[in-house]
Amino acid sequence: MTTSTNVSRGAATMALLSMAIGAFGIGMTEFVSMGLLPGIAGDLLQPLYEARQEDAIAQAGILISLYALGVVIGAPTIAAFVARFPRRRVMVILVAALLVTNALTFVAPTFETMAATRLLSGLPHGAFFGMSTVIASEILGPKRRGWGVAMVMSGLTVANVVGVPGGTFLGQHFGWRAAYVVVAMVFALALVMCWLFIPHHGGDRTRSFLAEFGVFRIPQVWMTLLLGAVGFGAFFSIYSYISTLMTEAAGGPEWAVPIALMSIGLGMVVGNIIGGRLADLSVKKTIVIGLTLVGLASGGVAVASSWPVALAAALFVFGALSQTAVPGIQLRLLDVSGPYQAIGAALNHSALNIGNSVGAALGGVVIAAGLGYAAPAWLGIVMSFAGVGIALASFAMDKRRVTVAV
């Protein structure tokens with residue numbers, strides 16, 4: 001059996017696996033810092049850490065924000081720059097950049113140099129996933145492109161189950177730098193595999209950096225980015241406060257926090273696979289139904305937040321349902337981006353990282369307002385249904401355009 005680009009089934013599988021390994025590395029480098037902040041602060045901000053631990057950890061938290069900023073900046077700019085070049089070469093260069101910047105992270109001598117490496121590490125993130133989406137869609141064809149996107153994204157979701165907890169464990173027992181050594185090793189493997197297995201593509205020399213930004217003249221691109229940032233912000237409003245949900249709202253012990261993280265991570269793996277299959281049936285229905293279910297699952301987390309065991313189970317369901325819409329949103333961007341598919345797909349990760357920032361910030365606001373540690377889960381209901389509203393408005397614009405054309 002062959003794919004739509006005359007790539008054999010086995011070759012397509014190896015190409016997807018190569019990109020999934022890269023996605024695993026990205027998932028690990030993006031999220032492992034969260035569990036290692038005390039160790040990083042104690043090492044690179046030692047005087048402040050000894051004077052006031054909370055202030056040092058809070059300052060170290062900027063490393064997470066800088067990575068997200070790198071994603072937001074790098075996704076459109078790098079994707080626009082590389083659109084004209086052969087795709088395999090682009091992927092190899094992007095993975096090499098991820099390898100080098102993460103290697104620089106684990107040798108960073110000061111907090112300032114590490115901050116710079118975290119910003120640089122985030123730059124290739126969106127372009128990697130954008131180009132991966134285009135390659136996966138091309139080698140599997142229009143009927144299985146959702147499955148291809150889900151297979152690439154599976155590396156990111158598996159990282160939350162294996163890579164992040166494992167990296168956190170290594171960092172806690174052998175120093176935080178050990179986690180980034182593993183990350184660099186993952187990218188080294190991905191680099192070799194991408195070079196060997198991603199199909200050759202000649203590129204399109206007619207494309208230019210400035211012309212690629214024509215994607216921003218398409219209203220539906222803005223609508224899709226908005227629904228991704230708002231709708232998926234519901235996920236981060238809860239994910240960002242899992243620790244306090246388990247220990248403060250549910251009254252669970254600290255050792256239950258990794259279980260909660262693993263529970264939501266396992267759910268994400270399952271939901272990503274389901275979402276890929278559903279997106280191949282209907283992109284629009286997958287988005288609407290997926291975001292609706294996220295709202296219901298957010299309510300489930302809020303209701304279960306008084307009992308540790310029930311909360312862990314609710315987080316699994318929430319993790320699964322939160323991922324069902326992601327492949328659909330990614331494919332929606334491909335559909336509405338016209339000739340700018342690479343940059344359109346990359347922009348999805350800018351939107352998701354904005355959702356990360358907005359969801360986490362609003363979650364902190366409702367907690368600070370005295371609404372309780374379960375308040376971010378109730379917030380998740382509002383954000384997910386707001387995403388549904390944006391999606392329906394976007395689809396209505398499609399119908400109006402068809403009517404006018406007729």
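See the structure above.
The structure contained in this document is the topic of the report that follows. (Residues numbered from 1 in each chain as written. Predicted model: local features only at pLDDT ≥ 70, side-chain atom pairs only at ≥ 80, totals over all residues. Heavy atoms only, no water.)

**Re helix H14 (residues 283–304)**
Here is the rule: Numbering of helices and strands runs from the N terminus; a helix is a DSSP stretch of H or I covering at least four residues, while a strand is a stretch of E covering at least two. Each helix should span, by expectation, one fewer than its residue count multiplied by 1.5 Å. Pairing of N or O atoms within 3.5 Å defines a polar contact, subject to two protein rules: one partner must be a possible hydrogen donor and the other a possible acceptor, and residues neighboring in sequence count only if both atoms are side-chain atoms.
The terminal C-alpha atoms of H14 lie 31 Å apart, and with 22 residues this matches the ideal 32 Å at 1.5 Å per residue to within 8%. At the N-terminal end of H14, a side-chain oxygen is found 3.2 Å from the backbone nitrogen of Lys285, two or three residues along, and the residue is Ser282.

**A word on the nonpolar core**
We apply this condition: Here the nonpolar core consists of buried residues drawn from Ala, Val, Leu, Ile, Met, Phe, Trp, Tyr and Cys, with membership extended through side-chain atoms lying within 4.5 Å. Burial classes follow relative accessibility: with a 1.4 Å probe on protein chains only, a residue under 20% of its type's maximum area counts as buried, one over 50% as exposed, and anything between as partly exposed. Contacts are residue-level and defined by heavy atoms, with any inter-residue pair within 4.5 Å sufficient.
If you look at the biggest cluster of nonpolar residues, it comprises 89 residues, and the most contacted ones within it are Phe128 and Val301. The element that contributes the greatest number of residues to this core is helix H1 (residues 9–44), accounting for 10 residues. Each residue touching Val301, except ones within four places of it in the same chain, is listed here: Ile238, Leu245, Leu311, Ala314, Leu315, Phe318 and Ala377. Residues Ala41, Ala60, Leu63 and Trp176 belong to the second largest nonpolar core, which totals 18 residues.

**Topic: the pattern of salt bridges**
Stated precisely, the cut-off is as follows: Any carboxyl oxygen of Asp or Glu within 4 Å of a side-chain nitrogen of Lys or Arg constitutes a salt bridge here.
Applying the stated rule across the entire model yields 4 salt bridges. Between Glu138 and Arg87 there is a salt bridge, and its shortest N-O distance comes to 2.8 Å. Taken together, the residues span a long stretch of sequence, with Glu138 in helix H6 (residues 111–140) and Arg87 in helix H5 (residues 87–107) at a distance of 51 residues. Note on Glu138: relative accessible area 30%, which makes it partly exposed. For Arg87, a relative accessible area of 17% puts it in the buried group. Across the pair Lys284 and Asp398 runs a salt bridge whose closest N-O atoms are separated by 3.2 Å.

**Digging into helix H15 (residues 308–324)**
Along its 17 residues, H15 runs 25 Å from first to last C-alpha, staying within 8% of the 24 Å computed at 1.5 Å per residue. For H15, the full list of buried residues reads Leu311, Ala312, Ala314, Leu315, Phe318, Gly319, Ala320, Ser322, Gln323 and Thr324. Where H15 is buried, its residues contact helix H7 (145–174), helix H11 (233–239), helix H12 (242–249), helix H13 (256–281), H14 and helix H16 (326–336).

**Some points on the packing of aromatic side chains**
We describe a pair of aromatic rings using the distance from one ring centre to the other and the angle between the two ring planes. Our working rule: When the centres of two rings from Phe, Tyr and Trp lie within 6.5 Å, Trp using its six-membered ring, the rings pair. Their planes under 30 degrees apart give stacked, over 60 give edge-to-face, and anything left gives tilted.
For the structure on display, the rule yields 11 aromatic pairs. With centroids separated by 5.9 Å and ring planes inclined at 20°, the aromatic side chains of Phe213 and Phe216 adopt a geometry described as stacked. Residue class for Phe216 comes out partly exposed when judged on its relative accessible area of 25%. Look at Phe235 and Phe318: their rings are 5.9 Å apart centre to centre, the planes differ by 5°, and that puts the pair in the stacked class. With Phe235 in helix H11 and Phe318 in helix H15, the pair connects residues that are 83 residues apart, well separated along the chain. There is no split in this pair, since Phe235 and Phe318 are both buried. A network of ring pairs unites the aromatic residues Phe31, Phe232, Phe235, Phe236, Tyr239 and Phe318 as a single cluster.

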